[in-house]
Every structure is written in C-alpha cells, then in structure tokens.
Amino acid sequence: MKLVVAIVRTERLSDVLEALFRAEVRGLSLSRVQGHGGETERVETYRGTTVKMELSEKVRLEIGVSDHFVEPTVAAILGAARTGEVGDGKIFVLPVEKVYRIRTGEEDQAAVTPVEPVAAEV
Amino acid sequence: MTGVNGADVAWMLVATAMVLLMTPALGLFYGGMVRAKNALNTLMMSVVAVGFVGVAWALLGYTLAFAPGNALLGGLSRAGLAGVGLEAQGTIPHLLFMAYQGTFAVITAALISGAIVERMRFGPYLAFLTLWSLVVYAPLAHWVWGGGWLGALGALDYAGGTVVHVNAGAAARVAALLLRPRKDFARQAILPHNLPMTLIGTGLLWFGWFGFNAGSALGATAAAALAFTNTLLAPAAGLVVWSLLDLRRTGRVTAAGAATGIVVGLVAITPAAGLVGPLGALAVGALGVVPSYYALLWRARTRIDDSLDVVAAHGLGGLTGALLTGVLAQKSWNGVADGLLFGNPRQLVVQAVAVLAAALFSAAGTVVVLRVVALVAPLRVAAREEGLGLDVSQHGEEAYARDEGAILVLPDAGTARPAPAPALVTEGSRA
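Trainee: Honestly, the sheet that holds strand S6 (residues 89–95) of chain A in this entry has me stumped. Any pointers?
Mentor: Residues and elements named next belong to chain A. Spatially, S2-S5-S1-S6 is the arrangement adopted by the four strands of the open sheet, whose pairing is antiparallel. A single partner strand is all that each edge strand has here, and the edge strands are strand S2 (29–35) and S6. Taking each pair of neighbouring strands and ignoring which way they run, the sheet shows an average axis angle of 20°. Relative to S6, strand S1 (residues 2–9) runs antiparallel, the two sharing seven bridges. Bridge pairing in S6 places Val4 opposite Val93. Running over the sheet, helix H2 (residues 70–81) touches S1, strand S5 (56–65) and S6 and is turned about 5° from S1.

Right, dumping it as structure tokens:
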C-alpha cells in the first residue's frame, strides 16, 4: 500500500478529480493549503502599499491506494494537473505501514480496496 | 430662477442621488453571484460606469439624447454641456435634469456586465462601456424621451423599461454571444460565492429604484407618489410569485430566487410605474416575473453563457413590463393614455413596436461597438488568467486577501526582503 500525496493548483482541481474518477480511484481527502514552489511572485497593490504574494493557494490531495493502483493514480494527476508553468505542484508517493478501515476493522489491502458503491439514501 | 419649483428641486436632488446608488448596488448584486476569485472584477465592472459613462454623458451623451435634433438623434448644440445652466427645464434646473438622466445612462451600461462576467479584459471593457453609452444608449433615450420617433408614436415608457432594460437585455445577449462562454461553463458547477452580498445589493437597488421610478415624474407631484407606491407593490408581488414558483418546483424558497424576484418585479414596473393604478402594479409584478422565471430555467440548460441572466431578468422583464403597460395603463390614474383593458388596443401595438425597435437597434449597435473594440484589443483574458481569477489578473488585488506570505515592497529597498521584524515593537512606533 502507498499513500499518494499530491499538491496541485486550485484551478486544476476539478480536472484532477475528474481524471481520478475516470481512473476509478475512489476515496481521497483534500485540504486547502498555502505554499510556495518557486513560481513567480504575484505583485498586488492596495492604495499606497505594494506587496509580493509569496504564498499561493494550493490543494493537497491524500489518496491511500494498493500498489497496483499507484501508477494509474499518478498518471491521472500528472495529466490533469499540468499547465507547463512553474507552480504546477508535486506528487509524493509514500510507503504505508498499516491501514485500517474504521467501519469494519478491515486491515491493509482490504481496507484500501473500494467497496461497491452503495445506492445513496434518498 | 423663474419656473423653478423648490419642492421639485428638493425631490429631484434626492432622486438623482438614489439612482446613482443603484450602480454600486448592482455591483453588489452581481458580485455576490460570481466566484470569489472574480468578485472585485465584477463589482468594478459596475463601479467604473459611474466615472466613464458619467463623463461621456456630460461631454457628448446628453446632447445626443436630449438636444433638439431629428427623429433619430439629438443635435450637438448641448455638447460639453453648452447652454445647460440653471434655467428651468420643466420645473427643475436644466443642469439637474441632465444629472438625473446621466445616472440612467450609467446604470444601463453597467447592467450589461452581468452577461460577460469572469472573462472580459478590463481595458477593452472600459472602452466598450464608454462607446456603448454614446452609440447605443444616447440614441435610444432620444427616440423615447428626447423628442424622437418612438415618443412621437405614443410609446409609453415611464422610467425606462424599454430604454434601460430591454436595451441592456438585448445588448447583453449579443455581448454574451460575442465573448463566448467561460471556459468552465457547462463543465463545472459555477456557484455564487456570497448570496448575502447579493441580497444587500437587492435592498439597495430597491431603495434606489424609488428615485428611478418616482423621480421620473420630474417633480414632487402626485404622479411621483403613484410611481413610488407602484415601485413598492410590484416587486412585493414579484417576490411572492417567484417564491411560490420556487416552492412548487423545488419545495424550497431560495435566497437567490427572492433577490431575482424582487429585481424582475422592479424591472417589470419600471415602464408602467406612473401609468397604472396600484392594483395594476400588483398585476404587473405578479405576471411580470413568470416569463423570466421560466426563461432562467431554460437558459441554464443551454449553451448560452449569459452568466447572470441579464436577458431573462432585464430583457424579458422589461419586455413583459412594457407590454403590460400597454394592457393596464389607466387614464384615470395617469391622465395620459389608456391601455387595452381600458379600451385602447392600439397602445399594446405601439408598445410592441417600441420594444422590438429598441431590441433590434441595441443588438445591432452592440455588435458594432464590440467588433470595433475587438479590432484594437482582444476582448477575452487568457485561459490561464481566467483560471487564476480576474481579481488578480486584471486588478492585482483580491477581494478576500490574506496577509500570510505577503511581503511588503518598500520604495527605497526595492524588492529586497525586509529584515526580520525586531523582537519588540512598541505600540504606535509604526507610522
């Protein structure tokens, strides 16, 4: 099992989610983060005050996957998040020691295998 | 000054200020409905109209609209406000009349922006806005109010249902078409980022609209009281009907719907304000919102990115209001003309002609103005800037700026990083 951590542009998020969905990657967490990855600073001016915005809004995705899912997951993110300019983000693939699914107590491989989608309750 | 009435001056001064307030209010109304990254840009599209259209109006727009001329266009005798002084125009100073009409030109131009938010470069927008107020708004105002052919035909447009709303609606349809849809349109959900802002804008619009409609009496008269009351009743009825339609369709009354119902009710009563009785106003508000409600639902399923539904709200609302004016106008209230319901079917035909002529002229004029501006500079922002948001790309500001990571650029130190802040800064030591 691996944990795929990806930091992407906020404006690419919808495309990334769509690509992950198409790659049948289900189950992820995302958080809004701020960071700096060497991209050109934005200059903003408020009345007499000029500032350089060093931090940009990014989205951090965390996806726990079984080993054979790592490659499609990474490929989906690479394809959808890239604009070709500095600041497109990073993908980190980390080893995972142990995984539990809280609902069932399943462990490891079973815990990161998606369950069949249950019809949403109306 | 002979012929100037103090009470009329007092009311028209206030009414002018009230109509002016509608333009920033429109900015709030629109600004709440776009995404956070485009909020400032959307507000600015309205706010700048006060300056750019206001100046163009004083220098050239007023004379094209209201100076003596032919049936199609005013002359140039009032260019640069020549001869516009404190002498009486009706019962108010000529200068005040000019200022009052100027506030109408400002908001009409700003209304169009709702169709083209989140994608237009700001420089070309300024050029478009200014030229449009001269090439499209001023002639149309002349046709109806300045001694032109629609006024002579007997078209009834009390406060601008045709000149302002049908006009802006037709221009918006064309502008949305020429600007093409936003890149995310119909691909991703685009949601309003701040509906409370939209509701604040709605409240301020309604307040200002009392000046818009009741001020169109051009004096502190009984007719102004009628227009004022109708401006209270029609949007109230519009709000009720819109809420009930919402309730029937989704089981919930929505805030965005309430704001829209009020504004469409206001649009619908605008041409009829001083021409129908109070019960007529309730009917105009109640009936006037129905076509707009269904047009909004239909538009959302099409490929037309009239982003904030200017066509459905203002174009269609203005059309319905203008036609209902031809049905419900009542001579016993207005002393001018009856509508279909009171035995004058010709009025309805005249109203239809006026709306059609205004829409066609506005659409054609808008195409010309936008094409001319596009010859000089591209109208659209780059796709990357659209993704980043127009606040940052067009204005270098953010509506919701955070100071984390913002490094102060000091004039003497150039772009060098400032030294770490001293451990202790005594209160008040920074100027």
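Trainee: Please clarify how the interface of chain B and chain A should be interpreted in this entry.
Mentor: Taken together, the 14 residues of chain B in the interface contact 15 residues of chain A. Elements that contribute at least two residues to the side of chain B that touches chain A include exactly helix H14 (383–388) and strand S3 (406–408) of chain B. When its residues are assigned to classes, the side of chain B that touches chain A shows six nonpolar, four polar and four charged. Across three bridges, strand S4 (residues 49–53) of chain A lies against S3 of chain B in antiparallel orientation. Bridge pairing links Met53 of chain A to Ala406 of chain B in S3 of chain B.

Trainee: Hey, could you run me through the packing of helix H1 (residues 6–31) of chain B against helix H3 (residues 94–112) of chain B in this one?
Mentor: If you want to describe how two helices pack, look at the angle between their axes and the distance between the axes. Residue and element names in this part refer to chain B. As a packed pair, H1 and H3 sit with axes 9 Å apart at the nearest point and diverge in direction by 15°. Classified by the angle their axes make, H1 and H3 are roughly parallel. Classified by chirality, the crossing of H3 by H1 is left-handed. Contact residues: H1 offers Val9, Met12, Leu13, Ala15, Thr16, Val19, Leu20, Met22, Thr23 and Leu26, while H3 offers Leu96, Ala99, Tyr100, Thr103, Phe104, Val106, Ile107, Ala110 and Leu111. A per-class count over the contact of H1 with H3 returns 16 nonpolar, three polar and no charged.

Trainee: Whenever I open this one, the sheet that holds S3 of chain B confuses me. Can you help?
Mentor: For sheets, the rule is that strands pair by backbone hydrogen bonds, running either parallel or antiparallel. Spatial strand order, S3(A)-S4(A)-S3(B): three strands in an open sheet with antiparallel pairing. Both outer strands of the open sheet, strand S3 (42–46) of chain A together with S3 of chain B, are each paired with one neighbouring strand and no more. Mean inter-strand twist for the sheet, computed between neighbouring axes without regard to direction, equals 35°. Across five bridges, the pairing between S3 of chain A and S4 of chain A is antiparallel. Paired with Val43 of chain A across the bridge in S4 of chain A is Lys52 of chain A.

Trainee: So what exactly am I meant to see when it comes to the pairing of S1 of chain A here?
Mentor: Working note: regular strand, side chains alternate between the two faces of the sheet. When S1 of chain A meets S5 of chain A, the two strands line up antiparallel, connected through eight bridges. Across the sheet, residue Val8 of chain A finds its bridge partner in S5 of chain A, namely Val59 of chain A.

Basis of the calculations
- Residues numbered from 1 in each chain as written.
- Chains lettered and ligands numbered in written order.
- Predicted model: local features only at pLDDT ≥ 70, side-chain atom pairs only at ≥ 80, totals over all residues.
- Pairing = 2+ DSSP bridges.
- Helix = DSSP H or I, 4+ residues; strand = E, 2+ residues; numbered from the N terminus.
- Axes fitted to C-alpha atoms, helices over the stretch in contact; angles between N-to-C directions.
- Contact = placed C-beta atoms within 7 Å.
- Nonpolar A, V, L, I, M, F, W, Y, C, P; charged D, E, K, R; others polar.
- Parallel < 35°, antiparallel > 145°, perpendicular 65-115°, else oblique.
- Left-handed = near helix turned anticlockwise from the far one by under 90°.

None of the figures reported here should be taken as evidence of function without further support.
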